[in-house]
Amino acid sequence: MKKPFLTLLFLVLLPFLAVSQTENRKDYRNFPLTLSIQFHAFSMPFKNFKTNFQNIGIGLGTEVSHSSKHNWVQEFSLIWVRNKTIGNGLFLTQTAWRPYLSNPVFGEFKAGIGYHLAFRPRDSFKMVDGNWESVGKKGKGMLAIPLGIGLGSNHYSENIYSSPFINYQFMLLKGFNKTVPIIPETLIQLGTRTHFNSQIQ
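About the cut-offs
- Residues numbered from 1 in each chain as written.
- Predicted model: local features only at pLDDT ≥ 70, side-chain atom pairs only at ≥ 80, totals over all residues.
- Heavy atoms only, no water.
- Phe/Tyr/Trp six-rings, centres within 6.5 Å; stacked < 30°, edge-to-face > 60°.
- Buried < 20%, exposed > 50% of the residue type's maximum accessible area, 1.4 Å probe, protein only.
- Patch = residues over 30% accessible without salt bridge, like charges linked within 9 Å, V, L, I, M, F, W, Y side chains within 5 Å.
- Areas by Shrake-Rupley, 256 points an atom, 1.4 Å probe, with all protein chains shown as cover.
- Salt bridge = Lys/Arg side-chain N within 4 Å of Asp/Glu carboxyl O.
- Core = buried A, V, L, I, M, F, W, Y, C linked by side-chain atoms within 4.5 Å.
- Helix = DSSP H or I, 4+ residues; strand = E, 2+ residues; numbered from the N terminus.
- pLDDT = per-residue confidence, 0-100.
- Contact = heavy atoms within 4.5 Å.
- Pairing = 2+ DSSP bridges.

**Focus on the packing of aromatic side chains**
Part 1: By the definition in use, this model includes 6 aromatic pairs.
Part 2: Summarising the aromatic geometry, the rings of Tyr100 and Phe106 are spaced 6.5 Å apart at their centres and angled 70° between planes, so their arrangement reads as edge-to-face.
Part 3: In this structure Phe106 comes out as buried when scored by relative accessible area, which is 2%.
Part 4: Clustering of aromatic rings is evident, with ring pairs tying together Trp72, Trp97 and Phe109.

**Considerations on a nonpolar patch on the surface**
Part 1: A contiguous nonpolar patch, built from Phe46, Trp72, Trp97, Phe109 and Ile149 and spanning about 480 Å² of accessible area, is present on the exposed surface.
Part 2: With relative accessibility at 33%, the residue Trp97 sits in the partly exposed group.

**Some points on the nonpolar core**
Part 1: In this structure, Ile79, Val81, Phe91, Ala118, Met142, Ala144, Met171, Leu173, Ile183 and Leu187 together form the largest nonpolar core, which totals 10 residues.
Part 2: If you list the elements that add at least two residues to this core, you get β3 (72–81), β10 (140–153), β11 (160–174) and β12 (182–196).
Part 3: One finds Tyr28, Val73, Ala96 and Tyr161 within the second-largest nonpolar core, a separate group that totals 5 residues.

**Some thoughts on the confidence of the model for the protein**
Part 1: The predicted model of the protein averages 79 in pLDDT, with 76% of residues at 70 or higher.
Part 2: A low-confidence stretch, residues 13–25 (pLDDT under 50), is modelled with 21 contacts involving residues beyond four sequence positions or located in other chains.

**Comments concerning the pairing of strand β6 (residues 105–111)**
Part 1: Extensive coverage of β6 is indicated by the burial of 5 of its 7 residues.
Part 2: Note: strand β5 (residues 100–102) against β6, 2 bridges, orientation antiparallel. Of the residues in β6, the one forming a bridge with Ser102 is Val105.
Part 3: With antiparallel pairing between neighbouring strands as the criterion, β5 and β6 make up a hairpin whose turn holds 2 residues.
Part 4: Sheet topology note: the β6/β10 ladder contains 7 bridges and is antiparallel.

**Overview of the pattern of salt bridges**
Part 1: Counting across every chain of the model gives 6 salt bridges.
Part 2: Of the charged contacts in the structure, one is a salt bridge between Glu63 and Arg98, with a shortest N-O distance of 2.7 Å. Of this pair, Glu63 sits in strand β2 (residues 56–65) while Arg98 sits in the loop between β4 (89–97) and β5, and the two are 35 residues apart along the sequence.
Part 3: Taking relative accessible area as the criterion, Glu63 reaches 1% and is therefore assigned buried.
Part 4: One salt bridge connects Arg193 with Glu63, and the closest N-O pair in it is separated by 3.8 Å. Of this pair, Arg193 sits in strand β12 while Glu63 sits in strand β2, placing them 130 residues apart in sequence. Across the pair, Glu63 and Arg193 agree in class, each one buried.
Part 5: Shared partners join several salt bridges into a network, and the residues in it are Glu63, Glu75, Arg98, Glu108, Lys110 and Arg193.

Set out below in structure tokens:
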């Protein structure tokens, strides 16, 4: 199933790879608006890609640069994913490194420690004084360790510019239940970061 993902990656970036290779301008702006679509799966990395596209979600976030070259950034994201099998969830993530490959294209490597609030897919019950009582679908928080790779493209302008991207993330969640304390999940992300000139905010 690797070929469909690589094909999707190429098709998304193809329009941007054709842009003229201008010199990289140092006008990155902190606190862009990041919007993304997520495709979520309960899976080991690079397996069962088709299951990702059965579970869609959305993401909203921003970021701050750690360096003058703007290739190290700290992301602040809130990601909601829908999964009927293991339950919906909310994620908070993470740090990214973006080395330039060939202007305007950059690579992306992500890592961090996040938080995942998971909701049960259906009503659950617990034993209380010999009787089963409903606990509803309320969720639980789990430690998330995400790792990701991706590609994107910068298109600088004086007032507003966008950076479309696609990436693939693998996550380990700790504390799912007593029987399975650690579970693997994957995310395919398509999105864009929109950077605003401070004078027009």
